[in-house]
Amino acid sequence: MSEVHTHPVVTPELAAEWDDLVDRVGATPFHRPGWFAAWWDAFGEGRRRIVTVRRGAELVAVMPLVERHGVVRSATNWHSFVSGPVAVDDLARTALLDHVLSHGRRLDLSHLTTLVSDSTADTLARRRAHVRREVVQRSPYVPGDVTFESYVERREARRVRQLQRNRRKLEKLGPVRHVADGGTAGVERAVARFLEIEASGWKGESGTAILSDDRTRAFYGGLTAWAGAAGILRVSFLEVDGHAIAGELCLEDDYATYPLKASYEPDHRQYSPGLILLFEQIRTSVESGRSYEFMGSAEPYKMRWADDVRDIHRLDVYPATFAGRATLLADAGVRTARRGAGRGRRLALGARDRARTLLARRLPAGSDPVTELPAQRTGAEAGAVAPAAGTRSGSSDARPRSATTPS
């Protein structure tokens, strides 16, 4: 017989059981209580709900959630990679989801892998819940069951040769090494070293570096303290003559390497140090049998160095209750209104441009009352999108740019 409980905080005893459950089922570092604690301390708003399922004294399922205004959400944002329930079997996961479904007018479950999304959606649909499902991200990765030689053979030869040439150029400046700092004291020094590199480049200038934002700084401070003590934090560098010119901040378990942040010194940009380090990180990961997860979206520059992607899903779930159905209808109305407003805006902008074009054709030569071309859009109209989580700054393709779709 299963018993379901909801906890407002994570006690040390619960954290220990939770970590043990993650080890038993082979879940990721993003499913551990240490990740959730760091995330909540930096970004948490609303009410924490840690839902657990027990069979007797044994913890068999757990999922951290956040409740705000009657909506129950995953404890995730753009810093997250994957999330979802951790359970020993389908019965435990079903008991957990049944409880969550009965305590909210809407569930927003995000950052789910395809397997978790499938099983969760099927369970909720059997409970007559309305489930809207979408792929929010396609995240590249290199499998851990390939050889590095076979991986290199599938890459564009000209890009591999260019990296090799750049490395030879660096070697003229001094010995080039790929190093990883370990041990608690070593990791602390390595993190400080990495943050200094990251803040020195375009991320620091644009205000997207870790140290540029108080909440991001707090998150990575808590995250690295936990992961360093747990032995799953890795900070790797590309050094030239003992000086670090590129770095990567990672989580690593028995199954995968998860690069959270990467950066390089701007003075060495012409050598592509971030990509040289990436190549070494992939080599180290696959040679140890671990996949290398690029994180973030399948941007073109990432797909030059990966062949496979993981679909990351989001589920909007409306329970088969009066409150759930009412929320479904209200949300559907909002989406329809937004689509209508967007279409109206596009039509208005098109009419404006056509009018400006006609005006320009009728004006006598030399007059210039219009200060922009007919097809131009302001930054607000076009919409600027920030780099995705996991963006690698060692590539010029990773710099901020305008986009029309979210990453």
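Rules behind the numbers
- Residues numbered from 1 in each chain as written.
- Predicted model: local features only at pLDDT ≥ 70, side-chain atom pairs only at ≥ 80, totals over all residues.
- Heavy atoms only, no water.
- Helix = DSSP H or I, 4+ residues; strand = E, 2+ residues; numbered from the N terminus.
- Buried < 20%, exposed > 50% of the residue type's maximum accessible area, 1.4 Å probe, protein only.
- Contact = heavy atoms within 4.5 Å.
- Areas by Shrake-Rupley, 256 points an atom, 1.4 Å probe, with all protein chains shown as cover.
- Polar contact = N/O pair within 3.5 Å; in protein donor to acceptor, adjacent residues only side chain to side chain.
- Expected span 1.5 Å × (residues − 1).
- Patch = residues over 30% accessible without salt bridge, like charges linked within 9 Å, V, L, I, M, F, W, Y side chains within 5 Å.
- Salt bridge = Lys/Arg side-chain N within 4 Å of Asp/Glu carboxyl O.
- Lys, Arg positive; Asp, Glu negative; His and termini not counted.
- Charge placed at Lys NZ, Arg CZ, Asp CG, Glu CD.
- Pairing = 2+ DSSP bridges.
- Axes fitted to C-alpha atoms, helices over the stretch in contact; angles between N-to-C directions.
- Parallel < 35°, antiparallel > 145°, perpendicular 65-115°, else oblique.
- Left-handed = near helix turned anticlockwise from the far one by under 90°.
- pLDDT = per-residue confidence, 0-100.
- Core = buried A, V, L, I, M, F, W, Y, C linked by side-chain atoms within 4.5 Å.
- Phe/Tyr/Trp six-rings, centres within 6.5 Å; stacked < 30°, edge-to-face > 60°.
- Lys NZ or Arg CZ within 6 Å of the ring centre and 35° of its normal.
- Nonpolar A, V, L, I, M, F, W, Y, C, P; charged D, E, K, R; others polar.

1. Thoughts on the overall build of the protein chain
Right, so step 1: In terms of regular secondary structure, the protein chain is built from 13 helices and 15 strands.
Right, so step 2: Per-residue burial for the protein chain yields a buried fraction of 47% across its 407 residues.
Right, so step 3: In the protein chain, of all internal contacts separated by at least 6 residues, the share reaching a separation of at least 24 is 72%.
Right, so step 4: Accessible surface for the protein chain amounts to roughly 20,000 Å². Of this, 52% is attributable to carbon and sulfur atoms.

2. A word on the side chain of E293
Right, so step 1: Here E293 lies in strand β12 (residues 291-293).
Right, so step 2: Reaching out from E293, the side chain makes a polar contact with the side chain of S291 at a distance of 2.7 Å.

3. Focus: helix α4 (residues 114-126)
The periodicity of an α-helix, 3.6 residues per turn, causes residues three or four places apart in sequence to face the same way.
Right, so step 1: If you check α4, its first and last C-alpha atoms are 18 Å apart, about what 13 residues at 1.5 Å a residue would give, namely 18 Å.
Right, so step 2: For α4, the full list of buried residues reads S117, S119, T120, A121, T123 and L124.
Right, so step 3: Close packing links the buried residues of α4 with α3 (90-101), β6 (106-113), β7 (130-142) and β13 (308-318).
Right, so step 4: Positive backbone phi, at 65°, marks R128, one or two positions downstream of α4.

4. Overview of a positive patch on the surface
Right, so step 1: Together, R161, R165, R168, K169 and K172 make up a region of like positive charge exposed at the surface.
Right, so step 2: You can call K172 exposed: its relative accessible area is 74%.

5. Digging into the pairing of strand β9 (residues 233-240)
Both faces of the sheet carry side chains from a regular strand, because those side chains alternate between them.
Right, so step 1: Of all 8 residues making up β9, 7 are buried, and the element is well covered by its neighbours.
Right, so step 2: Sheet analysis places strand β8 (residues 176-181) next to β9, joined by 6 bridges and oriented antiparallel. Each residue of the ladder has a partner; that of V176, found in β9, is V240.

6. A look at the packing of helix α2 (residues 33-43) against helix α9 (residues 214-230)
Right, so step 1: At a minimum axis separation of 8 Å, α2 and α9 run at an interaxial angle of 160°. Classified by the angle between their axes, α2 and α9 sit roughly antiparallel to one another. For α2 against α9, the interelement crossing comes out right-handed. Of the residues in α9, those in contact with G34, W35, A38, W39, A42 and F43 of α2 are R215, T216, A218, F219, G222, L223 and W226.

7. Section: the confidence of the model for the protein chain
Right, so step 1: Per-residue confidence for the protein chain gives a mean pLDDT of 84, with 81% of residues at or over 70.
Right, so step 2: For the protein chain, the element scoring lowest by mean pLDDT is helix α13 (residues 379-382), at 28; helix α1 (residues 12-25) scores highest, at 98.
Right, so step 3: Of the regions scoring below 50 in pLDDT, residues 355-407 engages in 80 contacts with residues more than four places distant in sequence or in other chains.

8. Details of the nonpolar core
Right, so step 1: Counting 46 residues, the largest nonpolar core has F30, W35 and F219 as its most contacted members.
Right, so step 2: Counting only elements with at least two residues in this core, the list comes to α1, α2, β3 (58-68), α7 (184-200), α9, β9, β10 (243-252) and β11 (256-264).
Right, so step 3: Among the elements that line this core, the one with the most residues is α2, at 7 residues.
Right, so step 4: Contact partners of F219, with chain neighbours within four places excluded, come to W35, A38, W39, A42, F43 and H79.
Right, so step 5: Counting 25 residues, the second largest nonpolar core, distinct from the first, contains V142, V160, F279 and Y292.

9. As for the packing of aromatic side chains
Right, so step 1: Counted according to the given criterion, the structure contains 15 aromatic pairs.
Right, so step 2: Measuring from ring centre to ring centre gives 6.1 Å for W39 and F43, while their planes differ by 55°; the resulting arrangement is tilted. Of this pair, W39 and F43 both sit in helix α2, 4 residues apart, roughly one helical turn. F43 carries the same exposure label as W39, and that label is buried.
Right, so step 3: Aromatic rings pair up to connect F30, W35, W39, F43, F81, F219, Y220 and Y258 into one cluster.
Right, so step 4: Over the aromatic face of Y141 sits the side chain of R310, whose NZ or CZ is 3.6 Å from the ring centroid.

10. Considerations on the environment of E299
Right, so step 1: Of note, E299 is situated in the loop between β12 and α11 (300-303).
Right, so step 2: With 160 residues separating them in the primary sequence, E299 and S139 have C-alpha atoms 8.8 Å apart.

11. Some remarks on the packing of helix α6 (residues 157-171) against helix α10 (residues 273-287)
Packed helix pairs are specified by the crossing angle of their axes together with the interaxial distance, meaning the distance between the axes.
Right, so step 1: At a closest axis distance of 10 Å, the pairing of α6 and α10 adopts a crossing angle of 110°. In this view, α6 runs roughly perpendicular relative to α10, as classed from their interaxial angle. Only L275, I276, F279 and E280 of α10 make contact with α6, whose side of the interface consists of V160, L163, N166, R167 and L170.
Right, so step 2: Taken together, the residues of the contact of α6 with α10 break down into 6 nonpolar, 1 polar and 2 charged.

12. Some points on α3
Right, so step 1: With 12 residues, α3 should reach 16 Å at 1.5 Å per residue; the first-to-last C-alpha distance of 16 Å fits that figure.
Right, so step 2: Along α3, the positions that sit buried rather than exposed are A92, R93, T94, A95, L96, L97, H99, V100 and L101.
Right, so step 3: The N-capping residue of α3, defined by a side-chain oxygen 3.3 Å from the backbone nitrogen of L91, is D89.

13. A word on the pairing of β13
Right, so step 1: Pairing analysis gives 6 bridges linking β6 to β13, with the strands arranged antiparallel. Counted as the bridge partner of S110 is R314 from β13.
Right, so step 2: Where β7 and β13 come together, 11 bridges link them in antiparallel fashion. The partner of E134 across the bridge, within β13, is R314.

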